[in-house]
Structure formats: structure tokens, C-alpha cells
There are 2 protein chains.
Amino acid sequence: MAAPSHYLERVTREFSKLPGIGSKSASRIAFHLLKLGKGDIDTFIRSITDLKENIRFCSICGGISDSETCSICSDVGRDKGIICVVEGARDILTIEAAGGFNGLYHVLSGLISPLDGVGPDDLNINKLIRRCGAGNLSEIILALSPTIEGDATTLYLASLIAPIGVSITRIAHGLPVGSDLEYVDSATIAKSMEGRVRI
Amino acid sequence: MAAPSHYLERVTREFSKLPGIGSKSASRIAFHLLKLGKGDIDTFIRSITDLKENIRFCSICGGISDSETCSICSDVGRDKGIICVVEGARDILTIEAAGGFNGLYHVLSGLISPLDGVGPDDLNINKLIRRCGAGNLSEIILALSPTIEGDATTLYLASLIAPIGVSITRIAHGLPVGSDLEYVDSATIAKSMEGRVRI
């Protein structure tokens, strides 16, 4: 059949472009929007326009911020001696949600990926090297995904930072907590054997 | 931690109010929106405002439409002798997508549900009775969900339409195609036994 409404079809198409939303979910959302009042719709739209107009990136770490410096970089209670390097600004939220880390962050804004045409110069690496060189740093934690791109970027950064004399670590790769050994893939098992620790 | 941005938090909260979107998906979408250009964002927002400003409900069946009468009610190729009664406008899309039905529709805009304070007067029933009384109808198909509310509404509508002398049917309740008898719940098994057909 032809779609009952061009407008409904357009909203459905726009929502299905968002990550994690298929055409069925998008259609469900479009019908949900139809039921909302004008006030709710205005609030929804305003939240998006405000985001685009007002959001900034922290001048120190590159994370999301409402001001020049983000709340983590300007928090006097955080340990300025440790920097955790992440791929994207969202990873900061993930690590913060897990708790336990009280240092600073540095957002690379991507990973080295020659196939996608992303080289070291496309990433926020120069600023990281400057932060490392500024002294007072006891450790750099590389918290990148255990993928080919993540591993390549980790090795590249380690080779750059090593001469500065800062201690470099990488987050552990191994069995996820709560997993069943029987169902874990062999690459992960091999990594967890390789990275075994003395108890 | 405090959220890194009030604006990001607001967008995340707004998206997580939509059906089928949890807080993690909403956060992922918010970060996705950050990466989009102004043009894409404008198109996205315009699709929503256009929907709210321009969408109409068909004056005959109550379905979604861009004009006074929807594309199904105004389609001369459809069988005007059969009306399929559905709970919501979205059900029309679902039945059309399945194919095979070439009649008209009637949207009730809800189901009778005393617990939620929804009685027959809150539904689009009077117009349905008028359509039934207008003659030329050979069949009314009640295509409501097999829930307590759906069954109650089906029985209520059947009692109203029967005196008019139109043939009334209900869509079949039974085993979903492709299901395994072993894993189907007993209420569905009972319904499928009750509704067995001669082969």
C-alpha cells in the first residue's frame, strides 16, 4: 500500500536513521509523537536545538562540557597525576558510571584506521603529548577497545609516550565478569591466558 | 559523577521517554546527534513539526491521512462491502503490510477498559454503527488483540452490530505460524483447540 501519510513516513524515516532504531521502532515512535501534546513536542525539539547550539568540548581533555573546561578537569578532588585515554567522549561516561577511577581523561576522537583513512594526524594526539610533557604525571592508562584499530592506536601511543618517561598501562583484556568459560570466544580466552595475574 | 553537560542530559532524558528507547540507547542517540551537521538536525526537527502541524485523521475510518479522506477509503479498487475494525491507526499499517485484505478499515481509537476508565462512549463506535447501517456491507471483521480488553470490546461490538443484520467475524486466535507447539502457552493452545477448523 502507499503510506497513509507523507508526514508520518518522513518522521519514521528520520528516526530510523538514528543508531539502534529499526523501521518498526521508528514507526512506533512516530505514532507515539502523534499522541503527544504540543508542549511535549516543543520540549523535545528544544532539547535537541539547545544541545546543538550550546554544547562545547573541554579545552583540556576534549570531553563534553557546558563550559570552557569540563566538570572533571576542573574538579580539584581528582588526581591530576593519572590520565585515562579514551576513543570518544561517551567512553568517559561509561568509565565514570563503573566508578573507581579518580584521574583525568583525554579524548582521542577516534582510532587509527588506515582503511577508513584515519591517521594519527586526524586524532587529538598532539595535545595528549603536550599534557604528558607538562610533568607531574605518574601514569597514562590507555583504555581503547580491544579491536585491531584499538590495539594499533594503543601501540602507536605507547611508542610516542615511552620516550617522555611516563608510566604507560593498558586496561585488561579477558573474560567479562559473570561470563561462562564455555561460551567465551577463543580469542578472549587466549588474551585472558596471556594476561594472567599472580594471586 | 555529575553529568558532563546539562544539554546532553536533557536530550537523553527526552529520548528515553519515547517507546522502546532505554537510557543507554537514548545516550547513544544523543552522542549521535552531536556528530550530525546542522542541516541533518534541521531536517530531523522539521519532520516532527510538519507531522504535528499537517497530519489529519480520515473523516470516514479515523485512520492517519494527509487529506480529508485517507488513501484507503478513497481507493476505488477496494471492496467497500467489508470493514475491518481495529484498535488503533497503526494496526492498519500492520494488516496492510501482511497483505491479502482489500476492504476498508474502522479505527476505534482504543478498547473498552473499565479499569482505565475507558467506556464505549470514549471510542469511535457511533460512527461504526452508522457505517454498518448505511447498507451495502457484507461483513464486519473484528481484528482486536486477544486480550481481556480486546475480547470485551469484540463481544460488545458484536452485540451492537448483530441487530443490524451484518455478518460479523473475528480474526482467528491460535498458534503463530512457525511456532513450536512445545513452547506455546496453554491459553493459546486452548484457543487453538477451541477454534479448530475442518480440513
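Scroll up a little and you will see the structure.
Residues numbered from 1 in each chain as written. Chains lettered and ligands numbered in written order. Predicted model: local features only at pLDDT ≥ 70, side-chain atom pairs only at ≥ 80, totals over all residues. Heavy atoms only, no water.

Thoughts on the overall build of chain A
Line of reasoning, step 1. Helix and strand counts for chain A come out as seven helices and six strands.
Line of reasoning, step 2. Along chain A, from the amino end to the carboxyl end, the secondary structure elements read α-α-α-β-β-β-α-β-α-β-α-β-α.
Line of reasoning, step 3. Summarising its shape, the C-alpha atoms of chain A cover approximately 65 × 50 × 35 Å along the three principal directions.
Line of reasoning, step 4. For chain A, the residues scored as buried account for 40% of the 199 residues in total.
Line of reasoning, step 5. Residue pairs in contact within chain A that sit at least 24 positions apart in sequence constitute 48% of those at least 6 positions apart.
Line of reasoning, step 6. Accessible surface, chain A: about 11100 Å² in total, of which carbon and sulfur atoms supply 54%.
Line of reasoning, step 7. A distance of 4 Å separates the average location of the 20 positive side-chain charges in chain A from that of its 23 negative side-chain charges. (Helix = DSSP H or I, 4+ residues; strand = E, 2+ residues; numbered from the N terminus. Buried < 20%, exposed > 50% of the residue type's maximum accessible area, 1.4 Å probe, protein only. Contact = heavy atoms within 4.5 Å. Areas by Shrake-Rupley, 256 points an atom, 1.4 Å probe, with all protein chains shown as cover. Lys, Arg positive; Asp, Glu negative; His and termini not counted. Charge placed at Lys NZ, Arg CZ, Asp CG, Glu CD.)

What to know about the relation of the copies chain B and chain A
Line of reasoning, step 1. Superposition of chain B onto chain A requires a rotation of 180° combined with a translation of 0.0 Å along the rotation axis, giving an RMSD of 0.0 Å. Within this description, the copies of the chain are treated as partners about a two-fold rotation axis. By C-alpha distance to the rotation axis, the residue of chain B lying nearest is Ile45 of chain B, at 3.3 Å.
Line of reasoning, step 2. Here 100% of the contact residues of chain B are again contact residues in chain A; the copies associate through an equivalent surface. (Least-squares fit on C-alpha atoms with pLDDT ≥ 70 in both.)

Describing the environment of Asn124 of chain B
Residue and element names in this part refer to chain B.
Line of reasoning, step 1. Among the secondary structure elements, Asn124 is positioned in the loop between strand S4 (104–107) and helix H5 (126–133).
Line of reasoning, step 2. As a C-alpha pair, Asn124 and Ser109 span 15 residues in sequence and 6.4 Å in three-dimensional space.
Line of reasoning, step 3. Other than its neighbours up to four places away in sequence, Asn124 contacts Cys61, His106, Val107 and Leu108.
Line of reasoning, step 4. Engagement of the side chain of Asn124 in a polar contact is seen with the backbone oxygen of Val107, the distance being 3.0 Å. (Polar contact = N/O pair within 3.5 Å; in protein donor to acceptor, adjacent residues only side chain to side chain.)

Topic: the interface of chain B and chain A
Line of reasoning, step 1. At the junction of the two partners, chain B supplies 51 residues and chain A supplies 51 residues.
Line of reasoning, step 2. Regarding the contact of chain B and chain A, the summed buried area is about 4900 Å², with carbon and sulfur atoms giving 72% of it.
Line of reasoning, step 3. One can count two salt bridges joining chain B with chain A.
Line of reasoning, step 4. For the salt bridge of Asp50 of chain A with Arg10 of chain B, the shortest nitrogen-to-oxygen distance reads 3.1 Å.
Line of reasoning, step 5. Our enumeration of links across chain B and chain A arrives at 16 residue pairs in polar contact (both at pLDDT 80 or more).
Line of reasoning, step 6. Among the elements that make up the side of chain B that touches chain A, the one with the highest residue count is helix H3 (residues 38–54) of chain B (13 residues).
Line of reasoning, step 7. Residues belonging to the side of chain B that touches chain A are distributed by class as follows: 27 nonpolar, eleven polar and 13 charged. (Buried area = accessible area lost by both parts, 1.4 Å probe. Salt bridge = Lys/Arg side-chain N within 4 Å of Asp/Glu carboxyl O. Nonpolar A, V, L, I, M, F, W, Y, C, P; charged D, E, K, R; others polar.)

Describing the nonpolar core
Line of reasoning, step 1. Counting residues in each nonpolar core, the largest one holds 38 residues, and the members touching the most others are Phe15 and Leu33 of chain A together with Phe15 and Leu33 of chain B.
Line of reasoning, step 2. Mapped by element, the contributors of at least two residues to this core are helix H1 (6–16), helix H2 (23–35) and helix H3 (38–54) of chain A together with helix H1 (6–16), helix H2 (23–35) and H3 of chain B.
Line of reasoning, step 3. For Phe15 of chain A, the contacting residues outside a window of four places in its chain are Ile21, Ala26, Ile29, Leu33 and Phe44 of chain A together with Phe15, Leu18, Phe44 and Ile48 of chain B. (Core = buried A, V, L, I, M, F, W, Y, C linked by side-chain atoms within 4.5 Å.)

So, the sheet that holds strand S3 (residues 82–86) of chain A
Residue and element names in this part refer to chain A.
Line of reasoning, step 1. Read across the open sheet, the four strands follow the order S4-S3-S5-S6; overall the sheet is parallel. The two strands at the open ends of the sheet, each matched to only one other strand, are strand S4 (104–107) and strand S6 (167–170). Going from strand to strand, the sheet's axes swing by 25° on average, the running direction of each strand aside.
Line of reasoning, step 2. Inspection of the sheet shows S3 paired to strand S5 (residues 139–142) by four bridges, in the parallel sense. Paired with Ile82 across the strands is Glu139, a residue of S5.
Line of reasoning, step 3. Here helix H5 (residues 126–133) sits on the sheet in contact with S3, S4 and S5, set at roughly 150° to S4. (Pairing = 2+ DSSP bridges. Axes fitted to C-alpha atoms, helices over the stretch in contact; angles between N-to-C directions.)

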